[in-house]
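Here is how the chains run, residue by residue.
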Amino acid sequence: MHRVLLKLADAILPPSPRTETTLEDVARHALVYLRYMPRSTATLFLLGMRVINWSPLWRFRGLRPLSALPPETARRQLLGVVQSRWLPVRLLMYGPLGLFMSSYFDQDYVHQELDYAPIPFVADRIELRRKWIEGREPGADEEIHHLPSGTP
Amino acid sequence: MTILAHRDYRNGEQHDAEVVVVGTGAGGAVVGAELAEAGRDVLFVEEGGYHPTASFNPYLTESLPRLYRDSGGTVIIGRPPIPYAEGRCVGGSTVVNGGMTWRPPEEVLMEWESVTGQPDLGAKAMEPLFDRVEERIHARLQHPSSIGEDSRLLEEGARRLGWQYEPNRRAQDRCVGSNQCVTGCPTGAKQSTLLSYMPRALSSGARCLTEVRARRLWIEGGRCVGVIGKAINPRTREEDIDVCVRAKAVVVACGAVQTPFLLLGHRLGRPSRQLGKNFLCHPNAKVLAVYPHDLYAWQGVSQGGQIREFRNEGIIMAENAVPPGTVAAQIPFLGDEALDLMRRYNAMAMTGVLVEDSHGGTVSRSFGAPMAKYSITRYDHERFLRGVRYLATLHFEMGAEKVILPFSNFHVANSVDDLAHIERSQRSRSTIELFTVHMMGTCRMGSESRRSVVNLSGELWDLPGCYVADASLFPTAVGVNPQLAIMALATRVAQRLQLPN
């Protein structure tokens, strides 16, 4: 199962940025998420991943599972599942997409790629609130503005 | 302050209290605090752990398992299936929600009065309860320093289109817009029950057993006299220690899915057969707009206000910035295509359309777990399509480059002209993608045992000593964010709860 998780993650996630441990990290996070679910739900999630792994077979697109295909080919096959017109087929991808994407896009090096930096912003806001509690109400210069005035 | 965790329990140990409250969210914490302040010996049973403000951080990989039920992987079965999220920690969903505090509209309260045939749930009777709760959770408008560009954009868009926009009153004390509501407020500004009602309860002598899952009610002589649970080992997630609590009254406040699940295990609700019925979920559809300039929607309060122009049609629209991991999990792209879109994260306005339920679903027990079933009606579907079109129109009016739509067969609109395809391409209810955090109904409150699950004091008709105090009490859909209504009803339950001599 671990190999299937790694291969599915490899096909779903962007090829870069990654570190040497990206796939292992994402698979580990997925298993942690599953441990916090009822056993029946977690089993269904894992079963769903096995079904997805064999999607080339039941979609009549090939005889080999996704885990045996190169990542680019597997990704093309998976996109067909994600964008399928059949709801039960699309449903299969809820689990892997939720588990892998939320984990991958939670990594610091991916945040850097997106120019998303919540830690310093939150630290700044905690400091702002501390001053407010001490009696200094935030002024206009502490408002959040990024657009030049007049932007539609 | 007594907060116990798994390491503190011994197998077979019995705890005693006057009132045991299962759950510490918007319902449970309020009931417990009100009773503790009135001098009652209260003991909370909470399935999740105790996570103080200092432990909150923006990382989903840490927050989802710690703060959310099933790591956020819960789904309502139906057409379409609707993923839902609820909190599982001390403070419950109030720790991870947006903290909106809207009073139910007057017509809803009139309907409640009419459905129950009693004035108890009418606007006049409920007003002092709303006043009391609002004071205790600091329900206030946002300070200008907390408002982000996405909120201003939505407000300006509404103004241009001549639509009514109302700023949110939120449960917050000096909110500075850190926008981490969904992973736990790291500044301590959001007045979740973790910071508002629970400290009141604990400082009045209440105790809290965390990491304990209530498995069964303890029933003796036809009366509810306690709760039997299992402590969950936080490392292994195994339920390995028996925990019993004996009390004169039990308040079940586990939310609209878990509360009926617990009660159905005892075949309760027989007089009306309404237990688990009338499940409402106020679903919403995400509309993601990408602008040519960066908005940094993750800076500033998660929801500054709501467009309420179409409230009479049961449609509300609002912005709600969420972390990149949450967005990426919902877009229909993989690999580089997903990254290309996510690179525009700072230019995204994340908005949604909420549609008031026009009918109810059910919650039942299945293979030892709760199963929620709910399908939108054609009428709901038509309102969703209309709402998505309204919101996408607003984004194009404000200069959006493209809008990512919540349809599995129509992902991207590049201009306002593309929106004309919505009605034509969306004939099936299976192609819309919805989400919810507002689960309600299932233990309807009423004045007749033939039509409701609990009476107007919140006590089950067929199990004396067992009370319900959460969103499952709602007789009908509330049409707004339900936190304030839950808290007000929980206050009422606390005021009316009677203990046997």
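Residues numbered from 1 in each chain as written. Chains lettered and ligands numbered in written order. Predicted model: local features only at pLDDT ≥ 70, side-chain atom pairs only at ≥ 80, totals over all residues.

(A) Expanded view of the overall build of chain B. Secondary structure assignment for chain B yields 12 helices and 24 strands. For a compact globule of 501 residues, the expected C-alpha radius of gyration is about 23 Å, and chain B comes in at 22 Å, within 12% of that figure. Each of the three principal axes of chain B carries a C-alpha extent, and together these read 70 × 45 × 45 Å. Here chain B, with 501 residues, has 60% of them falling under the buried criterion. At a minimum sequence separation of 6, the contacts of chain B that also span at least 24 residues come to 74%. (Helix = DSSP H or I, 4+ residues; strand = E, 2+ residues; numbered from the N terminus. Rg over C-alpha atoms; globule rule 2.2 N^0.38 Å. Buried ≥ 20, exposed ≤ 12 C-beta atoms within 10 Å, placed from the backbone. Contact = placed C-beta atoms within 7 Å.)

(B) Representation of the interface of chain B and chain A within the structure. In this assembly, 57 residues from chain B lie in contact with 52 residues from chain A. Elements supplying a minimum of two residues to the side of chain B that touches chain A: helix H2 (60-67), helix H8 (324-328) and helix H9 (335-342) of chain B. Per-element tally for the side of chain B that touches chain A: the top contributor is H9(B), with five residues. The class makeup of the residues in the side of chain B that touches chain A is 28 nonpolar, 22 polar and seven charged. (Nonpolar A, V, L, I, M, F, W, Y, C, P; charged D, E, K, R; others polar.)

(C) Structural detail: the sheet that holds strand S2 (residues 13-16) of chain B. All names here are of chain B. An order of S2-S13-S12-S11 is seen for the four strands of this open sheet, with the pairing classed as mixed. If you trace the sheet from one side to the other, it starts and ends with S2 and strand S11 (212-220), each paired once. Taking each pair of neighbouring strands and ignoring which way they run, the sheet shows an average axis angle of 30 degrees. Across four bridges, the pairing between S2 and strand S13 (residues 239-246) is parallel. Paired with Gln14 across the two strands is Cys244, which belongs to S13. (Pairing = 2+ DSSP bridges. Axes fitted to C-alpha atoms, helices over the stretch in contact; angles between N-to-C directions.)

(D) A look at the nonpolar core. Residues and elements named next belong to chain B. Counting residues in each nonpolar core, the largest one holds 201 residues, and the members touching the most others are Val20, Val250, Val251 and Val252. Sort the elements by how many residues they give to this core and helix H12 (residues 483-496) lands first, with nine residues. Of the domains in this structure, domain 1 (2-51 + 102-136 + 194-271 + 441-496) and domain 2 (141-182 + 279-435) are the two that each give at least three residues to this core. Val250 has contacts with Val20, Leu217, Cys224, Gly226, Val227, Gly465, Cys466 and Tyr467, leaving out every residue within four places of it along the chain. (Core = buried A, V, L, I, M, F, W, Y, C linked by C-beta atoms within 7 Å. Domains from an automatic or database assignment.)

(E) Quick peek at helix H5 (residues 71-82) of chain A. The end-to-end C-alpha separation of H5(A) is 16 Å, in line with the 16 Å expected for 12 residues at 1.5 Å each. Those residues of H5(A) lying buried are Ala74(A), Arg75(A), Leu78(A), Val81(A) and Val82(A). One side of H5(A) carries all its buried residues, which in axial view fall inside an arc of 110 degrees. Elements that come into contact with the buried residues of H5(A) comprise helix H1 (2-12), helix H3 (39-53), helix H4 (55-58) and helix H6 (87-92) of chain A together with H9 of chain B. (Expected span 1.5 Å × (residues − 1). Arc of directions from axis to C-beta.)

(F) How the structure looks around the environment of Asp150(B). All names here are of chain B. If you trace the backbone, Asp150 turns up in helix H5 (residues 149-161). For Asp150, a count of 29 C-beta atoms within 10 Å gives the class buried. Taking the C-alpha atoms as reference, Asp150 lies 8.7 Å from Gln303; in sequence the two are 153 residues apart.

(G) Layout of the pairing of strand S17 (residues 315-319) of chain B. Residues and elements named next belong to chain B. For S17, the tally of buried residues reaches five of five residues, placing the bulk of the element in the interior. Every second residue of S17 is oriented toward a common face, with Ile315, Met317 and Glu319 on one face and Ile316 and Ala318 on the other, all of them buried. Alignment of strand S16 (residues 305-307) against S17, held across two bridges, turns out to be antiparallel. When the sheet's bridge partners are listed, Gln306 is paired in S17 with Ala318. The pairing of S17 with strand S18 (residues 348-355) spans five bridges and is antiparallel. The residue bridging Glu319 from the neighbouring strand is Thr351, located in S18.

(H) Expanded view of the pairing of S11(B). All names here are of chain B. Strand direction decides the pairing type here: S11 and strand S12 (residues 223-232), joined by eight bridges, are antiparallel. Within S12, the residue paired with Glu220 across the bridge is Arg223. Between S11 and the antiparallel strand that follows it, S12, lie two residues; Gly221 among them carries a positive phi value of about 55 degrees.

(I) Just the confidence of the model for chain B, in detail. In this model, chain B carries a mean pLDDT of 96, and residues with pLDDT of at least 70 account for 100%. Taken over the whole predicted complex, pTM reads 0.96, whereas the ipTM for its chain interfaces reads 0.94. (pLDDT = per-residue confidence, 0-100.)

(J) Representation of unusual backbone geometry within the structure. A cis amide bond, omega 0 degrees, links Ser16(A) with the succeeding residue Pro17(A). Relative to the assigned elements, Pro17(A) resides in the loop between H1 and helix H2 (22-35). Here the residue pair Arg79(B) and Pro80(B) is connected by a cis peptide bond, since its omega of 0 degrees sits within 30 degrees of zero. Examined against the element boundaries, Pro80(B) turns out to sit in the loop between strand S5 (74-76) and strand S6 (82-84). Despite not being glycine, His282(B) has its phi angle at roughly 40 degrees, a positive value. Relative to the elements of secondary structure, His282(B) occurs in the loop between helix H7 (255-264) and strand S15 (284-290). The class for His282(B) is buried, based on 22 C-beta atoms found within 10 Å. You will see that Thr442(B), though not glycine, has its phi angle at about 85 degrees, which is positive. Its location among the elements puts Thr442(B) in the loop between strand S23 (434-435) and strand S24 (466-468). Since 35 C-beta atoms lie within 10 Å of it, Thr442(B) is described here as buried.

(K) Molecular detail of the environment of Asn409(B). Mapped onto the elements of the fold, Asn409(B) is located in the loop between strand S21 (402-407) and strand S22 (410-413). Separated by 165 residues in the primary sequence, Asn409(B) and Cys244(B) place their C-alpha atoms 51 Å from one another.

(L) Seen up close, the sheet that holds strand S14 (residues 249-252) of chain B. Residues and elements named next belong to chain B. In spatial order, the strands read S1-S10-S4-S3-S14-S24; together these six strands make up an open sheet with parallel pairing. The open sheet has two edge strands, strand S1 (2-4) and S24, and neither has a second partner. The sheet shows a mean angle of 20 degrees between the axes of neighbouring strands, direction not considered. Pairing of strand S3 (residues 19-22) with S14 involves four bridges; the strand directions are parallel. Note that in S14 the partner of Val22 across the bridge is Val252.

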